[in-house]
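# Survey of secondary and tertiary structure
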Amino acid sequence: MSAFLEVIAEPLDEDAVRPYGRMIAVPKGHIADFSGEGWQCWVPLAELEDGLQWQAGLVHSAARPLLVSEMESHLERPEIVFALDRPLVQTVALPDETNLSIPDVRSVKAFVIQPGQGLFMEKGIWHGVGLPAGVEGVVYLFLLGNGELYEAGENSGWVPFAGGMVAQVRVG
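My aim in this report is to walk through the structure given alongside it, one point at a time. Remember, predicted model here, so these are calculated numbers, not experimental data.

About the thresholds
Residues numbered from 1 in each chain as written. Predicted model: local features only at pLDDT ≥ 70, side-chain atom pairs only at ≥ 80, totals over all residues. Heavy atoms only, no water. Helix = DSSP H or I, 4+ residues; strand = E, 2+ residues; numbered from the N terminus. Rg over C-alpha atoms; globule rule 2.2 N^0.38 Å. Buried < 20%, exposed > 50% of the residue type's maximum accessible area, 1.4 Å probe, protein only. Contact = heavy atoms within 4.5 Å. Areas by Shrake-Rupley, 256 points an atom, 1.4 Å probe, with all protein chains shown as cover. Pairing = 2+ DSSP bridges. Axes fitted to C-alpha atoms, helices over the stretch in contact; angles between N-to-C directions. Salt bridge = Lys/Arg side-chain N within 4 Å of Asp/Glu carboxyl O. Core = buried A, V, L, I, M, F, W, Y, C linked by side-chain atoms within 4.5 Å. Patch = residues over 30% accessible without salt bridge, like charges linked within 9 Å, V, L, I, M, F, W, Y side chains within 5 Å.

Regarding its fold elements, the chain presents one helix and 18 strands. For the chain, whose C-alpha radius of gyration is 16 Å, the value lies close to the compact-globule estimate of 16 Å for 172 residues. With respect to the three principal axes, the spread of C-alpha positions in the chain is 60 × 35 × 30 Å. Among the 172 residues that make up the chain, the fraction classed as buried is 41%. Looking at the chain alone, contacts between residues at least 24 apart form 82% of all its contacts between residues at least 6 apart. For the chain, the accessible area works out to roughly 9,300 Å², and carbon and sulfur atoms hold 55% of it.

Quick look at the structure:
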């Protein structure tokens with residue numbers, strides 16, 4: 001039987017996300033860098049770093065209970081997620097202080113990412129699959145620093161929380 005920890009999903013905010021990464025969004029009140037009839041463009045919103053090449057992918061996450069029992073981490077490369085069609089809930093966690101190869105369930109945070117916003121997750125940050133913030137599924141874009149699927153020293157897949165813990169996310 002699993003033990004549950006309730007995690008309240010909060011709006012994506014620069015200060016709240018700082019231990020895990022950076023918020024990517026058009027700054028409030030910022031005038032578009034380029035525009036034309038019927039369109040506006042803000043660039044750059046984020047810089048790719050370390051000369052990394054990036055891989056892009058799409059995920060469809062079906063509507064379901066917002067439960068997180070496992071996470072993944074990339075020690076050698078960051079990951080960016082962008083909400084495209086609907087709000088996305090992204091869970092993140094720090095490594096467990098006593099065992100760096102597992103996520104620390106006590107540090108789990110959940111952020112609601114609105115369409116047009118993104119979350120830059122630093123190298124080594126644990127994260128779950130993106131979850132729909134509403135009653136319908138969600139499609140989101142991810143960018144992952146190039147490399148082998150799992151490089152040496154990187155966790156090879158999804159790792160459960162210690163003790164079978166499950167984070168139960170509630171959208172506030």
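Here the focus is the environment of Val169. As for its placement among the helices and strands, Val169 is situated in strand β18 (residues 166-171). What makes Val169 buried here is its relative accessible area of 8%. Beyond its immediate chain neighbours, meaning those up to four positions away, Val169 contacts Val7, Ala9, Leu66, Val68, Val89, Thr91 and Ala110.

Here we come to the sheet that holds strand β13 (residues 118-121). The sheet built from five strands is open, its strands ordered β2-β13-β8-β16-β5 with antiparallel pairing. Each edge of the open sheet is held by one strand with a lone partner, namely β2 (21-24) and β5 (54-61). Averaged over all pairs of adjacent strands, the angle between strand axes in this sheet comes to 20°, irrespective of strand direction. As judged from the four bridges shared by β2 and β13, these two strands associate in the antiparallel manner. Bridge pairing in β13 places Met23 opposite Leu119.

One pass over the full model with this rule turns up seven salt bridges. For Glu6, the salt bridge goes to Arg170, with nearest N and O atoms at 3.0 Å. Placement of Glu6 in strand β1 (residues 4-11) and of Arg170 in strand β18 is noted, with a sequence separation of 164 residues between them. Measuring nitrogen to oxygen at the nearest pair gives 3.1 Å for the salt bridge that ties Glu122 to Arg22. Here Arg22 lies in strand β2 and Glu122 lies in the loop between β13 and β14 (126-127), a separation of 100 residues in the sequence. Residue class for Glu122 comes out partly exposed when judged on its relative accessible area of 28%. You can call Arg22 partly exposed: its relative accessible area is 29%. Connected through shared salt-bridge partners, Asp85, Arg86 and Glu136 make up one network.

Before going further, it helps to examine the environment of Ile113. Note on placement: Ile113 falls in strand β12 (residues 109-113). Put simply, Ile113 and Trp42 are 71 residues apart on the chain and 18 Å apart in space, counted from C-alpha to C-alpha. Ignoring any residue separated from it by four or fewer positions in sequence, one finds Ile113 in contact with Leu12, Val81, Ala83, Arg86, Pro87, Leu88, Gln90, Gly118 and Leu119.

This brings us to the nonpolar core. Most often, soluble globular proteins have nonpolar side chains that are buried together. In this structure, Val68, Met71, Val89, Val108, Phe161 and Val169 are the most contacted members of the largest nonpolar core, which totals 18 residues. Put simply, the parts of the chain that give this core at least two residues each are β1, β9 (88-93), β12 and β18. The contacts of Val108, once residues within four sequence positions are left out, are Val7, Met71, Val92, Ala93, Phe161 and Ala167. Core analysis: the second largest hydrophobic core is formed by 16 residues, Ala16, Val81, Phe111 and Tyr140 among them.

For the rest of this paragraph, the subject is a nonpolar patch on the surface. Among the surface-exposed residues, Phe34, Trp39 and Val43 lie close enough to one another that they form a single nonpolar patch of about 320 Å² accessible area. Following the sequence through the fold, Phe34 ends up in strand β3 (residues 34-36).

Note that all results are geometric; they support no functional claim without further evidence.
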